[in-house]
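Structural features, examined
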Amino acid sequence: AGHIIQVKHGTTAGAYTGTTDDPTIYVDCGSLAITPASTSNKIFIMVTGAVGPTISGSQTVSRCYAAIWHTSFTSNGDNMIGYAPLVGFQNFAYSNGSDAYFRCPLHLAHLHSPSTTSAITYGYAAKRAGTSDSKSRCEGNITLIEIRG
């Protein structure tokens with residue numbers, strides 16, 4: 001028990017997710033699949049990176065939310081298993097030339113017991129609290145570690 005069986009890693013650098021202005025909707029930031037070797041094994045999910053909304057010149061702080069999901073992504077928050085509110089400050093802001101974005105530092109971790117030997121997909125999603133004129137942006141890394149149960 002406790003031995004590492006396999007490790008999967010994926011990057012979602014610069015994934016722009018400006019598909020909605022609705023602060024109640026999650027946007028998908030990226031995913032990675034793993035096939036457990038045994039139904040008793042666990043999957044440790046780690047996500048690091050940054051998420052954030054667009055900002056206007058008058059905003060100095062914004063709150064972002066990020067969550068780990070499994071099996072399939074849904075924008076309403078179903079299948080979310082690891083959740084964290086994040087705070088981004090003006091000094092984390094950057095511009096892509098046309099929009100400025102907050103960068104809320106992100107680290108999520110969750111130990112999941114999927115009880116399957118079929119491929120299972122894990123990913124992360126973000127949403128933000130703020131005005132209706134901001135959209136979300138995500139970038140980061142996903143690491144999946146299978147641990148013998």
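Residues numbered from 1 in each chain as written. Predicted model: local features only at pLDDT ≥ 70, side-chain atom pairs only at ≥ 80, totals over all residues. Heavy atoms only, no water.

1. Thoughts on the nonpolar core
- Counting 21 residues, the largest nonpolar core has Val47, Val51, Tyr124 and Leu144 as its most contacted members.
- Elements with a minimum of two residues in this core: strand E3 (27–34), strand E4 (42–55), strand E5 (61–70), strand E9 (104–112), strand E10 (120–129) and strand E11 (136–147).
- Aside from chain neighbours lying at most four places away, what touches Leu144 is Gln6, Val7, Lys8, Leu32, Ala33, Ile34, Ile43, Phe44, Ile45 and Tyr122. (Core = buried A, V, L, I, M, F, W, Y, C linked by side-chain atoms within 4.5 Å. Buried < 20%, exposed > 50% of the residue type's maximum accessible area, 1.4 Å probe, protein only. Helix = DSSP H or I, 4+ residues; strand = E, 2+ residues; numbered from the N terminus. Contact = heavy atoms within 4.5 Å.)

2. Comments concerning the side chain of Thr116
- Looking at the element boundaries, Thr116 is found in the loop between E9 and E10.
- Polar contacts involving the side chain of Thr116 include one to the main-chain amide nitrogen of Ser118, which spans 3.0 Å. (Polar contact = N/O pair within 3.5 Å; in protein donor to acceptor, adjacent residues only side chain to side chain.)

3. A word on the environment of Ala109
- Its location among the elements puts Ala109 in strand E9.
- On the accessibility criterion, Ala109 (41% relative accessible area) is partly exposed.
- Residues Ala109 and Thr143, 34 residues apart in the sequence, show an inter-C-alpha distance of 9.5 Å.

4. Describing the side chain of Glu146
- Along the chain, Glu146 turns up in strand E11.
- Buried charge without a salt bridge: Glu146, with Arg148 as the nearest opposite-charge side chain at an N-O distance of 7.7 Å.
- Here Gln6 takes part through its side chain, which lies 2.7 Å from a polar atom of the side chain of Glu146.
- Apart from the residues lying within four places of it in its own chain, the contact partners of Glu146 are His3, Ile4, Ile5, Gln6, Ile34, Thr35, Pro36, Ala37, Ser38, Asn41, Lys42 and Ile43. (Lys, Arg positive; Asp, Glu negative; His and termini not counted. Salt bridge = Lys/Arg side-chain N within 4 Å of Asp/Glu carboxyl O.)

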